[in-house]
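What follows is the residue order along each chain.
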Amino acid sequence: YHYRVVIQPVEKVVSWLQKELVLNDDKFDVGILTISMKGPTPDKNADIINTLIEVYQFESIREKSKIAEATNQFITERLDLIEKELTTIENSGEILKTKNDVMDIEISYSSILLKRNDLDKKIVDAEVKLAVVDYVQEYINENDNKLIPMNLGIANTPLAKSIIAYNSLYNSYIELKRTTGSMNPKVLNMEKELTVNKFNLQESMNSLKLSEQLRLEELKDEFAMCAQKSKSLPTHEREVRSIDRHKQIIESIYVFLLKKKEENKMILASTIANCRVIDGAFSNPSPISPNKRIVYVLVLVGSFIIPSLGIYLQKVFSDRVISVSQLEALGIPIFGTVDSDDSDTGGYSGESNSTISNAFRRLRVAYNLHFNDHQNSGNVILSTSLRPSEGKSLVGINLAKSLADVGNKVVVVDLNLYGCEHDQDPDSKVRGVSDYIVDHSLSVQDVLTPSEEFDTLSFIQVGKQCSKPNELLVNKRLNELLSYVREHFDCIVLDTGSIEHSTEVFLLAQHANTTLLVCKKGALRTTDLKRVQEYCNSTKLGKLHVVFNRCKFKHEKNKSMIRLVVRVLKLFKLFKKDNSPQKP
């Protein structure tokens, strides 16, 4: 079920009820009045009418019971005054006893003597602790950078933790100084830290001393109050007896008024109303409005018009490229498209007939047509994108897998040197492009990693030594690496960074026969089409082709349509409920 809660001002609800309530007085001459009401909830309408009758009956009884109510009000007011007076008497007696501890003279004297002895011991302990604090403070002020004594009565104070931390730091300082010498930078830093900690200890010691002095003064004041209290016990006992006598008188009056109040309640209970209910409120099962057929037609029409209008407005105001035709209209060459659906769990697989595998098989056909008139080996493809996360690595690696699946010798070279510090495991023993460029003792075979899935596919990782990516990409060792792979492989895929984050893509494009610019559906803006068109017309990226990446977009669109259908079905179910306005 679906419920809706509407909160409105009381005045508005009352005005609505007055309009909906209908009184029929056709039989008023025989003493019968009919009440009816229209509203969206039949049970609520019946409750309102029944409550209206109950309130009327209550008011009629109240009119007949004014004298009894006036008497009851008088008794209630007097009881309230007596309760307040009793509370005042009890509080005064309680305050007197609590303030002066007047329970029993002998017990009070014994309690005061015991308390004085206890306070005397606490005063002595406080003076001893204050003296110990003075001794420790003098020791700290006289000695520089030495261990501070413990177990002198301050072990349970917050200062003890600071002293323990200082002593631990001092021991570490002595050990480091003994092993490394006094001029070690870490030793000098620890000396400064010891000086700061010592200053903090002195401040904490002053605070502890001040708190102990205040506590000693409080103990002495309390000792003086005990001595004064022992002299005033007889006077306080006489005052307590006077308060108890007054309390007994007031309690007798209170009991008398309670009896009269019960007698008055019996008079009120015997009063009856001057009307009775002939038939209780009941509901008409047939709804008055709205017409269900009209509602169903409106829902059916709205479920088609509103989504259609939303899709139209989305296409009109969207600033994203969502179709290949938008690229083809500007004369941008398309190398192919990449799609996937819900059944795709990974990338290209030679044994799979999934959507994404078939998409890369079509890219393989486009590759063969593109390089038909060129040499059979050493074809270099550079994979890049305008921005990160558009699928350039996905396209490059899976295209290499599809080519290797038909017997081509393919190598994927990762040249995204700006991201190697985040992508590479520092504990990995696999060496890559940056290691080859920096370490002249490495050969190309040392950085080649064979694929476990395809026999003719190899990988060259980006490497770990990427402190200066710009200089590595213009090093002559990179030219030697690319010359070697051209001679020994049929196809070389250069996986680079995005143009937005790595301007060295334009340098690497000089080594490629074809540059594949990967554009993801929904991520490429219409304002970027001009840039792509300029790259196609210029030679900055060589011979440029666009791969349109549409992965998972159909899945998201289907989920949106499913959600829309579910909402329409829920709306139909909501209107099928019998919660239309009915007449009780």
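For the structure given in this document, a descriptive report is provided here. (Residues numbered from 1 in each chain as written. Predicted model: local features only at pLDDT ≥ 70, side-chain atom pairs only at ≥ 80, totals over all residues. Heavy atoms only, no water.)

What about the overall build of the protein chain?
Secondary structure summary: the protein chain contains 19 helices and 10 strands in total. Each of the 584 residues in the protein chain was classed as buried or not, and the buried ones make up 34%. Contacts in the protein chain between residues far apart in sequence, at least 24 positions, make up 77% of those at least 6 positions apart. Total accessible area computed for the protein chain in this model is approximately 37100 Å², and 54% of it derives from carbon and sulfur atoms. (Helix = DSSP H or I, 4+ residues; strand = E, 2+ residues; numbered from the N terminus. Buried < 20%, exposed > 50% of the residue type's maximum accessible area, 1.4 Å probe, protein only. Contact = heavy atoms within 4.5 Å. Areas by Shrake-Rupley, 256 points an atom, 1.4 Å probe, with all protein chains shown as cover.)

Here we look at helix H11 (residues 392-404)
An ideal rise of 1.5 Å per residue puts 18 Å on 13 residues; H11 measures up with 18 Å between its terminal C-alpha atoms. Of all 13 residues making up H11, 10 are buried, and the element is well covered by its neighbours. (Expected span 1.5 Å × (residues − 1).)

A few points about the packing of aromatic side chains
Summed over all chains, the structure comprises 3 aromatic pairs. The interplanar angle of 50 degrees and the centroid separation of 4.7 Å between the aromatic rings of Tyr367 and Phe371 together place this pair among those described as tilted. Across the pair, Phe371 and Tyr367 agree in class, each one buried. A cation sits over an aromatic face here: Lys409 above Phe489, 5.3 Å from the ring centre. In this arrangement the basic side chain of Arg477 is found over the ring face of Tyr436, its NZ or CZ atom lying 3.9 Å from the centre. (Phe/Tyr/Trp six-rings, centres within 6.5 Å; stacked < 30°, edge-to-face > 60°. Lys NZ or Arg CZ within 6 Å of the ring centre and 35° of its normal.)

Focus on the packing of helix H10 (residues 355-370) against H11
Interaxial distance between H10 and H11 falls to 9 Å at its minimum, and their mutual angle equals 75 degrees. With respect to their mutual orientation, H10 and H11 come out roughly perpendicular. Residue-level contacts link Phe360, Leu363, Arg364 and Tyr367 of H10 to Leu394, Val395, Asn398, Leu399, Ser402 and Leu403 of H11. Considered class by class, the residues forming the contact of H10 with H11 number 7 nonpolar, 2 polar and 1 charged. (Axes fitted to C-alpha atoms, helices over the stretch in contact; angles between N-to-C directions. Parallel < 35°, antiparallel > 145°, perpendicular 65-115°, else oblique. Nonpolar A, V, L, I, M, F, W, Y, C, P; charged D, E, K, R; others polar.)

Remarks on unusual backbone geometry
The phi dihedral of Ser389 falls on the positive side, at around 65 degrees, and the residue is not glycine. Turning to its location among the elements, Ser389 is positioned in the loop between strand S4 (379-385) and H11.

A word on a nonpolar patch on the surface
Taken together, Val297, Val301, Ile305 and Ile306 make up a surface patch of nonpolar side chains, about 380 Å² in accessible area. Position of Val301 relative to the elements: it lies in helix H8 (residues 292-317). (Patch = residues over 30% accessible without salt bridge, like charges linked within 9 Å, V, L, I, M, F, W, Y side chains within 5 Å. Salt bridge = Lys/Arg side-chain N within 4 Å of Asp/Glu carboxyl O.)

Quick notes on the sheet that holds strand S6 (residues 448-450)
Taken together, the 8 strands give an open sheet; going across it, the order is S3-S10-S9-S4-S8-S5-S7-S6, and neighbouring strands pair in mixed fashion. Where the open sheet ends on each side, the last strands, each with one partner, are strand S3 (334-339) and S6. Within the sheet, the average angular offset between the axes of one strand and its neighbour, ignoring direction, is 25 degrees. Along the sheet face, H10 touches S3, S4, strand S8 (491-495), strand S9 (514-520) and strand S10 (544-550) and points at about 170 degrees away from the line of S3. Strand contacts of helix H16 (residues 476-488): S4, strand S5 (410-414), strand S7 (457-460) and S8, with the helix running at about 145 degrees to S8, the strand carrying the most contacts. (Pairing = 2+ DSSP bridges.)

Comments concerning the pairing of S9
The buried fraction of S9 amounts to 6 of the 7 residues, a majority that puts the element mostly inside the structure. The pairing of S9 with S10 spans 6 bridges and is classified as parallel. Looking across to S10, one finds that Val518 is bridged to Val547. What joins S9 to S10 is helix H18 (residues 529-537), and the crossover it makes is right-handed. (Right-handed = clockwise from strand over helix to strand, strands pointing away.)

Side note on the nonpolar core
By size, the foremost hydrophobic cluster in this structure holds 44 residues, and its most contacted members are Ile460 and Leu478. A total of 4 residues in this core trace back to one element, the largest contributor, which is H16. (Core = buried A, V, L, I, M, F, W, Y, C linked by side-chain atoms within 4.5 Å.)

Concerning the environment of Ile381
For Ile381, the position within the fold is in strand S4. Each C-alpha atom of the pair Ile381 and Tyr367 lies 9.7 Å from the other, and the pair is 14 residues apart in sequence. If we skip the residues at most four places from it in the chain, Ile381 touches Tyr367, Phe371, Leu399, Cys491, Ile492, Val493, Leu494, Thr514 and Leu516.

Details of the pattern of salt bridges
With the rule as written, the count across this model stands at 5 salt bridges. We note a salt bridge from Glu453 to Lys401, for which the minimum N-O separation is 3.7 Å. Of the two residues, Glu453 is situated in the loop between S6 and S7 and Lys401 in helix H11; the sequence distance between them amounts to 52 residues. Members of the salt-bridge network, linked through shared partners, are Arg387, Glu500 and Asp528.

A word on the side chain of Ser385
Tracing the backbone shows Ser385 in strand S4. Those residues in contact with Ser385 that sit more than four places away from it in its chain are Glu390, Lys392, Ser498, Ile499, Leu517 and Val518.

Overview of the pairing of S7
Residues Leu457 and Phe459 point to one face of S7 and Ser458 and Ile460 to the other, with burial holding for every one of them. Looking at chain direction, S5 and S7 are connected through 4 bridges and run parallel. Pairing of Val412 across the sheet is with Phe459, part of S7. Relative to S7, S6 runs antiparallel, the two sharing 3 bridges. For Pro450, the partnering residue across the bridge sits in S7 and is Ser458. Connecting S6 to the antiparallel partner S7 that follows it, the hairpin turn spans 6 residues.

Such coordinate-based values are descriptive only and should not be taken to indicate function.
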